[in-house]
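# Residue-level structural notes
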Amino acid sequence: MPKGLTVVLNRPGKPFALETLPTPEIEPGGILIRNTTAAICGSDLHYWRNDGDYKGPDLRRVPSHEFTGVVHSPGRGVETDSLRRPLREGDRVAFPFFNACNRCYWCVRGEHHACPHRQRRSMQFNLDQYLYCDGGYADYYYLPPGHYDFTGPDVLPDEAIPP
């Protein structure tokens, strides 16, 4: 598996750190994305400015949840995107950053953004618990099995793709 540069927020208001970390193992049905573009969201600023008045230990988190990239390595069994269009290494993709459970009331209604169980590993755990290059401000992001992904039209620039 490749390694990638990862931006790490250790302490609010302090400069970000850079670490080279391995990427997660690709499970059947998963996809390793090579990130190409990331946006700065208001929540990134809230974390960095410490609007929540955090006083605990180092956060060691990978910021950003608005980004896009290209398929670096599709896992076994991945041949199409979520609309059943062919998906190959090098294809640009857009995807929701959080993984919905696909089982709760909101998911069944198609309102995945409201899933109370949605998560992403790089926010569930800090880098002391999940030591991987996996996030928006990193070279790579891992889409686990069951995740939605959509090929991006070539007519759009990368800057127009992040959700």
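A few words now on the pairing of strand β3 (residues 31–38). Of the strand pairs in this sheet, β3 and strand β4 (residues 67–74) are connected by seven bridges, and their pairing is antiparallel. In the strand pairing of β4, L32 is matched with S73.

This brings us to unusual backbone geometry. In this structure, D53 is a non-glycine residue whose phi angle is positive, near 60°. Turning to its location among the elements, D53 is positioned in the loop between α1 (42–49) and β4. The partly exposed category is assigned to D53, whose relative accessible area is 48%. For S64, which is not a glycine, the phi torsion comes out positive at approximately 90°. With a relative accessible area of 1%, S64 lands in the buried category.

Summarising the element assignment, G146 is placed in the loop between β6 (140–143) and β7 (150–151). For the pair G146 and R61, spaced 85 residues apart in sequence, the C-alpha separation works out to 24 Å. Discounting residues that sit within four places of it in the chain, G146 has contacts with G29 and N102.

A few words now on the environment of G29. Mapping G29 onto the fold places it in the loop between β2 (17–22) and β3. When the C-alpha atoms of G29 and P144 are compared, they prove to be 7.1 Å apart, with 115 residues separating the residues in sequence. Those residues within four positions of G29 in sequence are excluded, and the remaining contacts are G75, R76, V78, P144, P145 and G146.

Summed over the entire model, instances satisfying the criterion amount to eight aromatic pairs. When the ring of F97 is compared with that of F98, the centres are 5.3 Å apart and the planes differ by 80°; the resulting orientation is edge-to-face. The exposure class assigned to F98 is partly exposed, which follows from its relative accessible area of 28%. Plain terms: the ring middles of F97 and Y141 are 5.1 Å apart, the flat faces sit at 25° to each other, and that makes the pair stacked. A residue pair is termed long-range when its members are at least 10 positions apart, and F97 in the loop between β5 (92–94) and α2 (105–108) and Y141 in strand β6 qualify at 44 residues. Of the two residues, F97 and Y141, both sit in the buried class. The structure contains a cluster of three or more aromatic residues connected by ring pairs, namely F67, F95, F97, F98 and Y141.

Scoring rules and cut-offs
- Residues numbered from 1 in each chain as written.
- Predicted model: local features only at pLDDT ≥ 70, side-chain atom pairs only at ≥ 80, totals over all residues.
- Heavy atoms only, no water.
- Pairing = 2+ DSSP bridges.
- Helix = DSSP H or I, 4+ residues; strand = E, 2+ residues; numbered from the N terminus.
- Buried < 20%, exposed > 50% of the residue type's maximum accessible area, 1.4 Å probe, protein only.
- Contact = heavy atoms within 4.5 Å.
- Phe/Tyr/Trp six-rings, centres within 6.5 Å; stacked < 30°, edge-to-face > 60°.

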